[in-house]
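# Chains, contacts and geometry: an overview
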Amino acid sequence: MIKYFLMNLLLSFIWVALTGSLSYSNFIFGLLLGFFVLWIMSRNEYDQRYFYRVPKIIGFLLYFIYEMIKANLQVAYDVMTPKYFFRPGVVRFPLSAKTDLEINVLSTFISLTPGTLILDVSEDKKALYIHVMYLDDPETFINGLKMGVERRLMEVLR
């Protein structure tokens, strides 16, 4: 998988050198073009993880950016209005993540979202304790997190 990534990066740099335009959009276009060329060339090979994982990574990042913007707007609205809408609470979140890497990455992405903060990981590493700034219903919050960030992140990492 690493070899495909490095080859894709090399093809994008070659594209930038050939076109003579060093810009973000040209580099991204070179990455996409390199991805497509590598995908065409390696359709008969056994290891295809790179070509399935890259779209999932992009989808996860777009989803996370959407969630981040939504949470930022919610917090900004609450700060700017005279009435406070805080409904703080602590939730025990059961984990599907098993390894230390998965738990660490998941907890980092949860803490990056405004309004949530990881307090602790249980001793058996089967639950996270999360402080939530706007907690209407704990079950709805848990299901949203499980079907959103955790599911998409596990698709990327596994």
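Predicted model, so just to flag it, every value in this text is computed and none were measured. (Residues numbered from 1 in each chain as written. Predicted model: local features only at pLDDT ≥ 70, side-chain atom pairs only at ≥ 80, totals over all residues. Heavy atoms only, no water.)

### Points about the overall build of the protein chain
Helix and strand content of the protein chain: five helices and three strands. Along the protein chain, helices (α) and strands (β) appear in the sequence α-α-α-β-α-β-β-α when read from the amino end. Over its C-alpha trace the protein chain gives a radius of gyration of 20 Å, far above what one expects of a compact globule, namely 15 Å for 158 residues. Referenced to the eigenvectors of the C-alpha coordinate spread, the extents of the protein chain come out at roughly 55 × 40 × 20 Å. Residue burial in the protein chain is summarised as follows: out of 158 residues, 35% are buried. Considering only intrachain contacts with a sequence separation of at least 6, the fraction spanning at least 24 residues in the protein chain is 64%. A gap of 6 Å separates the mean positions of the 16 positive and 14 negative side-chain charges of the protein chain. (Helix = DSSP H or I, 4+ residues; strand = E, 2+ residues; numbered from the N terminus. Rg over C-alpha atoms; globule rule 2.2 N^0.38 Å. Buried < 20%, exposed > 50% of the residue type's maximum accessible area, 1.4 Å probe, protein only. Contact = heavy atoms within 4.5 Å. Lys, Arg positive; Asp, Glu negative; His and termini not counted. Charge placed at Lys NZ, Arg CZ, Asp CG, Glu CD.)

### Some words on the sheet that holds strand β1 (residues 89-94)
Taken in spatial order, the three strands line up as β1-β3-β2 in an open sheet, and their pairing is antiparallel. Here the strands that pair on one side only, and so sit at the sheet edges, are β1 and β2 (116-121). Geometrically, the sheet is characterised by an average inter-axis angle of 30° between neighbouring strands, direction not taken into account. As judged from the six bridges shared by β1 and strand β3 (residues 127-132), these two strands associate in the antiparallel manner. Paired with F93 across the bridge in β3 is L128. Docked against the sheet, helix α5 (residues 138-157) engages β1, β2 and β3, running at close to 50° with respect to β1. (Pairing = 2+ DSSP bridges. Axes fitted to C-alpha atoms, helices over the stretch in contact; angles between N-to-C directions.)

### A word on unusual backbone geometry
Glycine aside, a negative phi is what most residues show, and trans is what most peptide bonds show. Notably, K125 is not glycine yet its phi reads approximately 60°, a positive angle. Tracing the chain through its elements places K125 in the loop between β2 and β3.

### Quick look at helix α4 (residues 100-112)
Over its 13 residues, α4 extends 18 Å from the first C-alpha to the last, a length consistent with the 18 Å expected when each residue adds 1.5 Å. Of the positions making up α4, those classed as buried are E102, I103, L106, S107, F109 and I110. One face of α4 carries all of its buried residues, which in axial projection span an arc of 160°. In this structure, α4 carries D100 and L101 as exposed residues pointing more than 90 degrees from its buried face. Its buried side turned inward, α4 meets α3 (49-80), β1, β2, β3 and α5. (Expected span 1.5 Å × (residues − 1). Arc of directions from axis to C-beta.)

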